Each structure stands twice: as structure tokens, then as C-alpha cells.
Amino acid sequence: MTAQAAVSKTNVSHQDMANAIRALAMDAVEAAQSGHPGMPMGMADVATVLFTQFLKYDPAHPAWPDRDRFILSAGHGSMLLYAMLYLTGYGDITLEDIKNFRQWGAKTAGHPEFGHAAGIETTTGPLGQGIANAVGMAIAEAHLAARFGKELVDHHTYVIAGDGCLMEGISQEAISLAGHLKLNKLIVLFDDNGISIDGPTSLSITEDTLKRFDASGWKTMRINGHDPFAITTALSQAKASDKPTLIACKTTIAYGAPTKAGSEKSHGSPLGAGEIEGTRKNLNWPHKAFEIPEEVLHAWRDIGHLHDKDYAAWKKRFDKYEQEHQDEYTHALSGDLPKGWEKAVAELKAKIAVEKPSKATRNASQDVLEVLSPIMTELVGGSADLTGSNNTRAKGQEPLTAQNYAGRYIYYGIREHGMAAAMNGMALHGGVIPYGGTFLVFTDYCRPSIRLSALMKQRVIYVMTHDSIGLGEDGPTHQPVEHLASLRAIPNLLVFRPADAMETAECWELAISTPDAPSILALSRQALPTLRQEATKENLCAKGGYLLVENKKAKVTLIATGSEVSLAVEAAKQLETKGIPTSVVSLPCWELFDAQTPEYRTKVLGKDTVKIAIEAAIGFGWEKYTGAGGVFIGMEGFGASAPAKELYKRFGITAERVVEEAMKKLGVLL
């Protein structure tokens, strides 16, 4: 049954179906006395054409791997998405959910949140994130199609984006990458309503958006966003394009409202009872609040069944594949890790124990990738133009390019924010475990996307090298001091700072085996000695912290992370020669350590010892481990440009300083 047949058999018009979206949006926002009614009302015609004629989806099988992805990048207009999910028959969104818009415990949050309901493909609201996520989804689609064939993987990614999404700098990074990779199954519908919160967009922007996309390698069109025929024609042309496509849909915000249509007054506030009454008259919609006429709802529900046959046909194709191919495809989408990967890590640890290398943890990280990449084909890596510094490309990884989507390494260029958001999209799409690298200081450019990785519980691995003043001569612009503390403040983010090659292998093992949280691997530029010289079967980093050097009579506990752990070990040796028993704690992951029992934490940190924390970063947060009487040795301000050894000396991060502070606390004369 075609979309036209599904509608015409009940004599329901396009306008009736679009008005159902408008009505639900304005009614829900009014009931909540909070929200953004204007955008859903303005884009209702576009959404109706998209969902009735183009979008491939099946509400009965919302996780269908080959469904088209629909991303509402303009997440403030969330009622558009909720209305579509309810009308087309997604079981997770009911009319009661619509009535409870923006209320405690409701699936219908103020902005769409991944995991709240089927059909919400990503969390949007921070403008620009959705379109950048969509680029990652389109990359994942192209990659999996190259790997498994178009019989199983052949779908589009559609985006509704607003002026705000395209003003945000991340959008340029995203569209530039998409154009470069020729992601022709990515189609962006731009809600070109000319309105932002402050008023007309002419207050702040005069650029030609289409020319910007043209210059980035996109096909562009400009249409009347309230003309169903124009929308249909444009989407048909977009699907036939060999480039990603932008369709600028000229719309009226709050279409149908008597005095607030075309005004910023409808952007982020309820219309008000009087304005809603006038809107109902203008739209010829005489129905009560939240009332959808039976024939209109039936027409929408029929549309929701349009792709039943498409799903059945896809399932039939899947079932015809050889079992080995089916298993490989299912395994990739499941997110499960392949057999033998843990053995590969164990063998690497054994090699480290034998060779005891002195190497930067960024180099040790590449050693892990060299053993994992051949057996973990879901790993897709990349770097923001720092491949040789981040050590993120394994020898067998071919570049993913417009000519070779089967490649497993992406040269993101100097687009840190776009990279991070694209990795979120890849993880959300499924079939890919993404990781990407830059310098730790540039997590500032990635932070909004890192936060969303954590909020959405996505396994995205951020390989962040050059993690301290230890990077040396590049100076304070490149030396992170506050970054570890700021990243540790993000809920559900694992921040790993390994001390040597052994810990690096274990931290990678933890990052890759944690399916519901992103990870930061903060890695050194400078070489570090191997401190752990036995390849324990147990992953000692799994508890976040452990006694690296244990003295059961300890009077001093030295607690450190990363490159400062070897400094702590040296200081402990000096203290022992002075008759002061000392233990050393390596604390590679605060988040995992904080999750341990109080008894374990007390055992590791010591009950009545002098506690000294050492980290080449600011001390914010360390007091929870050192206690009120403890000492922190680290940075109190920005770094400087000089060789690393000189910097450690000048900033007082030395074994001698640790010994001095310990003896002061113990009241021992030097």
C-alpha cells in the first residue's frame, strides 16, 4: 500500500495529518506551560511528507538495523518527534506521555533523550550536535554497507536542523567532513524560518547558508516548506544525489497562529489559550486539546505499517545468508566483543612483563591497538590530524575514504568537536566501536560531545595524549592542568590515566569492555618505566586504584596517577632509606575506585597514614583521598615552555619535594 493509498482510503488530507502534529505540539506545550511550539508547527508539512513518503521505519520493529535514521537536531522542537512517534504507532509514546510533556518521569522530556523511547535515535538539544551525530551515523552506514553488502545495509539518515544548529561551529566541522567523504545518504532538512530566540536571524547572521554547503561539497536546494509537492520533489532528488544534500525549507514558525506566527514569541513559550483558539480556527481544526479525530489517527497508523513488507523482505534476505555471515553481522550489531580478545591482551601483558619497556603510554596504547585491531573488526579509529602524535592507527588499518568505506581509520582533520560528535553517532548507529585521538588539552573542543557520550551511555573511547606539563616545550597553551579535574566532574565518564605500559593495556581492556560508558585515556608524551613487572591474571586497574608498593607498617601513603606514579615510587624508596615505611597507591581511574567498598578504599589508602597525592595537574578533588590533613603536590597554575624535566623541577613536582613534605608532616627533621 502506498502512502497516498493509505491516506486517500479515509479521505484524510495532507493538511489534516500535518495539523495533527501542530495541534499536539501546541497543546502539550500549553499544558506544560513550557516548551517550544513554533518549530513543530512550522515543520509539520515537511515531517508529514518525510514520514508518509520517504522515511523507512517499522514501529513494530523499532530496532530494525536497516531502518532509516531520523535525527531531530533542533531538539528544542521535541514535540515534533514525540507527535510523530505517537501518531505512527510507536508503542513507547502514548497520548498520556504527550499530555505529560516535560513532567517528572515522563518519556517526553524537554529535549529528546536517547533511551527514553524507541524512535529517539540520539539526545539532542545542544544545537549542532544532532547534525554532527548524523554524520557519524552516515559514516557507520557506509562502512557497514561496504563490509556486509547493500542487501543488509542500505538506509538513509535524515536530519531536521534549524538556524541555531547551522550557526554553531560544530556544524561546519560536520558538514565539511560529510562533503569530503561524499556521504550521499545524508539528507538535511533545514527549517529556514528566519527566527531565533532574540528575534529575526538577520540580527546576527547574513551569510548565504546554501553557498556554505555548496562549498563543502553538498547538493543544495531551496523550497517552500509548506508545499507538499515541492517537499516531495526535493526529497526525491536528494535520494538520487551522489552528494549529501541540504534542503532549505522556507517555513513560518508557529504556522497558523494568528498573531505569533513568524515571530520569536512562538519560539520558546506557550502560545496561550487565546492564540491557540485562533490557531484552531485558522487551521480548521475544531477539536479539543489532545483530541485527534479517529480517521486522522487511523490514517497515521496506516502509514506506520507502510514498511511492514520492507522489514519482512529484509528479514528474508538476512535469513538466506550463510550462517557465518549472519553471525558476523549480528555480532557486530550486538556490541559484544570477539572471542580471543582477552587472550590477546593477556599475551601483550606477558610480553610487557618480559621486556619491561620504558616508553610513553601513548606508544603503549598503540601496542594495544596492534593486537586488538586485527581481531576486533568493529574498531574504527581516527585522529584530529595528530595520528603520528596520538599513535592511534594500527598497521593493518586502511583509511576510510569516499573511495573505500570499508577502511577502519578516519582522518578527521582538525575537527576535534566534529570528530567527537561523529563518534557518538557511530556508536549510536551500532556495528562500530569508535575511538579517536587528540591532545588532552583539546578535550575543551570536544567537551559537549564527551558529555553527551556519558549522558547517552555510549562506548566511545577518547585517546587523549600529551596529558601534562610532561609534553614540554609546546608550553601552557598545550599543557593541560585543569582538564583532568573537569573531565572527572562529568558523571558516567571513566577517566583513565595509566602509569606504564602494563596499566595502559589494562585501561584499554576496561574501556573497551564497558558498553555503557565512554572513556578517556589520558596518555603521556614522555617515556615512563615499567613499574608493574608481573603480568597478573587479574586486571588491577579494574578497581580504579590499588597498592603498587605495600608496606603493612606504612606511616606514609603516596597516591599518584600516570607519569607521577614512578615519581612516587622513587620517593617511597628514599623515605624507606630514612626509616619511614611508605606505601604507594596507583590510582588510574577515580570513578572505578569510588565505586569500590569503603573497606577496600580504606585498605588501599591506609587508615592512619600521612597521605600525599601527586599529579601534574591542579589539585581539585584530591582532598577526598588525602583528607583534611593531607598534602597535594602538583600544579597551582598554568605551565610554561621548557623541557619536561626542567618543568617538573621548577614546579616542585619531584621525589625530593615529596620526601620533604612527608617528613614535615611526620615532624621528622631533615
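See the structure shown above.
Residues numbered from 1 in each chain as written. Predicted model: local features only at pLDDT ≥ 70, side-chain atom pairs only at ≥ 80, totals over all residues. Heavy atoms only, no water.

Trainee: Would you mind showing me how to read the overall build of the chain here?
Mentor: When its secondary structure is counted, the chain shows 28 helices and 18 strands. In terms of C-alpha radius of gyration, the chain reaches 28 Å, essentially the compact-globule figure of 26 Å for 670 residues. Seen along its three principal axes, the alpha-carbon backbone of the chain occupies a region of about 90 × 55 × 45 Å. In the chain, which comprises 670 residues, the proportion classed as buried is 61%. Across the chain, every contact between residues at least 6 apart in sequence was considered, and the portion connecting residues at least 24 apart equals 78%. If you sum the accessible surface of the chain, you get close to 25,500 Å²; carbon and sulfur atoms cover 52% of it. (Helix = DSSP H or I, 4+ residues; strand = E, 2+ residues; numbered from the N terminus. Rg over C-alpha atoms; globule rule 2.2 N^0.38 Å. Buried < 20%, exposed > 50% of the residue type's maximum accessible area, 1.4 Å probe, protein only. Contact = heavy atoms within 4.5 Å. Areas by Shrake-Rupley, 256 points an atom, 1.4 Å probe, with all protein chains shown as cover.)

Trainee: How should I be thinking about the sheet that holds strand β2 (residues 157–162) in this particular structure?
Mentor: Hydrogen bonds between backbone atoms are what pair the strands of a sheet, whose relative direction is either parallel or antiparallel. Taken together, five strands build an open sheet; the order of strands is β1-β2-β3-β7-β6 and the sheet is parallel. Looking at the sheet topology across the chains shown, the edges are occupied by β1 (69–72) and β6 (219–224). The average undirected angle you get between the axes of adjacent strands in this sheet is 20°. Relative to strand β7 (residues 245–250), β6 runs parallel, the two sharing six bridges. Counted as the bridge partner of Asn224 is Lys250 from β7. (Pairing = 2+ DSSP bridges. Axes fitted to C-alpha atoms, helices over the stretch in contact; angles between N-to-C directions.)

Trainee: Sorry, what's going on with helix α16 (residues 341–355) here?
Mentor: Residue pairs spaced three or four apart in an α-helix point in one direction, given the helix's 3.6 residues per turn. Between the first and last C-alpha of α16 there are 21 Å, a value that for 15 residues agrees with the 21 Å anticipated at 1.5 Å per step. The inward-facing, buried residues of α16 contact α17 (361–372) and α22 (501–512). In the segment just after α16, Lys356 is the residue with positive phi, at about 45°. (Expected span 1.5 Å × (residues − 1).)

Trainee: Could you clarify how one ought to interpret the packing of α17 against α22 in this entry?
Mentor: Each pair of packed helices can be described by the angle between their axes along with the distance between the axes. For the pair α17 and α22, the least separation of the axes is 9 Å and the interaxial angle reads 55°. With respect to each other, α17 and α22 are oriented oblique. In this structure, α17 crosses over α22, and the sense of that crossing is right-handed. Two secondary-structure elements touch here, α17 through Thr361, Ala364, Ser365, Val368, Leu369 and Leu372 and α22 through Ala501, Thr504, Ala505, Trp508 and Ile512. By residue class, the composition of the contact of α17 with α22 is eight nonpolar, three polar and no charged. (Parallel < 35°, antiparallel > 145°, perpendicular 65-115°, else oblique. Left-handed = near helix turned anticlockwise from the far one by under 90°. Nonpolar A, V, L, I, M, F, W, Y, C, P; charged D, E, K, R; others polar.)

Trainee: How should I be thinking about the pairing of strand β3 (residues 186–192) in this particular structure?
Mentor: Looking along a regular strand, one sees side chains alternate from face to face of the sheet. When you tally the buried positions in β3, you get seven out of seven residues, the bulk of the element. What you see with β3 is no split at all: Leu186, Val188, Phe190 and Asp192 on one side and Ile187, Leu189 and Asp191 on the other are buried throughout. Bridge count between β2 and β3: six bridges; the pairing is parallel. Directly across from Ile160, in β3, lies its bridge partner Leu189. Bridge analysis of β3 against β7 gives six bridges, and the strand direction is parallel. Note on β7: the bridge partner recorded for Leu189 is Ile247.

Trainee: Could you clarify how one ought to interpret the nonpolar core in this entry?
Mentor: In terms of nonpolar packing, the biggest core is built from 126 residues, with Leu183, Leu235, Ile247 and Trp300 touching the most fellow members. Looking at this core, the element that brings in the most residues is helix α2 (residues 14–32), giving 10 residues. Look past the residues within four positions of Trp300 in its chain and what remains in contact with it is Met17, Ala20, Ile21, Thr48, Phe51, Thr52, Met84, Leu87 and Thr88. With 44 residues, the next largest nonpolar core counts Tyr435, Val463, Phe496 and Val585 among its residues. (Core = buried A, V, L, I, M, F, W, Y, C linked by side-chain atoms within 4.5 Å.)

Trainee: Got a minute to help me understand the sheet that holds strand β18 (residues 631–635) in this structure?
Mentor: Spatially, β14-β16-β15-β17-β18 is the arrangement adopted by the five strands of the open sheet, whose pairing is mixed. A single partner strand is all that each edge strand has here, and the edge strands are β14 (546–549) and β18. Going across the sheet, the axis of each strand differs from the next one's by a mean of 25°, ignoring polarity. The sheet contact formed by strand β15 (residues 556–560) and strand β17 (residues 610–618) spans five bridges and is parallel. Paired with Ala560 across the bridge in β17 is Ile614. On the sheet, helix α23 (residues 564–577) packs against β14, β15, β16 (582–586) and β17 and is oriented at approximately 165° with respect to β15. Where helix α28 (residues 655–666) meets the sheet, its contacts fall on β15, β17 and β18, and the angle it forms with β17 comes to roughly 145°.

Trainee: Help me understand the pattern of salt bridges in this model?
Mentor: Should their charged atoms come close, side chains of opposite charge can pair. Taken as a whole and judged by the stated rule, the model has 26 salt bridges. With a closest N to O distance of 4.0 Å, Glu615 and Arg497 form a salt bridge. With a gap of 118 residues between them, Glu615 in strand β17 and Arg497 in the loop between β12 (494–496) and α22 connect regions that are remote in the sequence. On the basis of relative accessible area, Glu615 is assigned to the buried category, the value being 1%. Among the residues examined, Arg497 registers a relative accessible area of 1% and is labelled buried. Through salt bridges that share partners, Asp467, Arg488, Arg497, Glu564 and Glu615 make up one connected network. (Salt bridge = Lys/Arg side-chain N within 4 Å of Asp/Glu carboxyl O.)

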